Amino acid sequence: MVELIPTIIAKSFGEIEEKARWVEPFVKTVQIDIMDGIFTPNLTWPYAEKGQKIRDLENLRTELFLEIHLMTEKPQLDFPEWLESKAGRFILHWKALEKIHSHELNPYETDTGVGFPVKNLAKEAHKKGKEIGVALNLEEKIEVLDSFISEIDLVLLMSVEPGFGGQKFQEEILPKISALRKKYPNVKIEVDGGINLGNASGLISAGADFLAVGAAISRSDNIGKTIEEFKQNIL
């Protein structure tokens, strides 16, 4: 079954709390976008304001399953702390992962063979009972997944450039979804960026399992109604 996942871009923990409340009555999962101002020019919690910490996430009173989309330059630095949080799924960008050297994965045991460093991070996530995914930007080829696809829980395909909400959906993602589905029939595919009621069904037809939706929901006058319209469109 296809799942709709509202996304949250927030400068503060209070904003995360507010936006989670908006969607909690209607969905089971929410994605929190994390940006460090380096990997993308945008800054969000916990980097946007001095004194904010990852551990503050423990104060989020919600039954929602939390998916963390790490758009950060060096995700390995904070990964141990994220794994101790209440979030259940983490998505890291290949563009950041491919730059990691073995010494940067301390305190993890490292393997510099095929699939490094994704296999290392996936092993640590799974030890904690967490899920892990890898995100590919528009220009990145699905072939980069070949050496570690069996180690991860899903692939996120960006349908815009990462960093800001409200961007225009890029149609070129559709054949990419289809190609990934054909190559790996059982892989879970999430798509993120510019998704709206007009293009959602096409993404499902191409092979998407999860739709991460931001502006089309958060900027709606009636969030509950909009989410229900999405569900009718994709189920």
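Bear in mind that the values here come from a model prediction, so they are computed numbers and not experimental data.

**Student:** Could you clarify how one ought to interpret the pairing of strand 1 (residues 3-9) in this entry?
**Tutor:** Across the seven residues of strand 1, six count as buried, placing the element largely inside the fold. For strand 1 and strand 8 (residues 210-213), the ladder comprises four bridges, and the chain directions are parallel. In the strand pairing of strand 8, isoleucine 5 is matched with alanine 212. Here strand 1 pairs with strand 2 (residues 29-35) via three bridges, running parallel. Its bridge partner lying in strand 2, isoleucine 9 is registered against aspartate 33. Assessed by its sense of winding, the connection that carries the chain from strand 1 through helix 1 (residues 13-23) to strand 2 is right-handed.

**Student:** Looking at this structure, how should I read the packing of aromatic side chains?
**Tutor:** In this description, a pair of aromatic rings is defined by centroid distance and the angle of the planes. Enumeration over the complete set of coordinates arrives at five aromatic pairs. Ring geometry for phenylalanine 13 against tryptophan 45: centres 6.4 Å apart, planes inclined by 45°, an arrangement best described as tilted. Taken together, the positions of phenylalanine 13 in helix 1 and tryptophan 45 in the loop between strand 2 and strand 3 (65-71) put the pair 32 residues apart, joining distant regions of the chain. Neither residue differs from the other here; phenylalanine 13 and tryptophan 45 are each classed as buried. Chaining the aromatic ring pairs together yields one cluster made of Phe13, Trp45, Phe79, Trp82 and Phe90. Cation over ring: arginine 89 sits above phenylalanine 210, and NZ or CZ is 5.2 Å from the ring centre.

Each value, and the rule that gives it
- Residues numbered from 1 in each chain as written.
- Predicted model: local features only at pLDDT ≥ 70, side-chain atom pairs only at ≥ 80, totals over all residues.
- Heavy atoms only, no water.
- Buried < 20%, exposed > 50% of the residue type's maximum accessible area, 1.4 Å probe, protein only.
- Helix = DSSP H or I, 4+ residues; strand = E, 2+ residues; numbered from the N terminus.
- Pairing = 2+ DSSP bridges.
- Right-handed = clockwise from strand over helix to strand, strands pointing away.
- Phe/Tyr/Trp six-rings, centres within 6.5 Å; stacked < 30°, edge-to-face > 60°.
- Lys NZ or Arg CZ within 6 Å of the ring centre and 35° of its normal.

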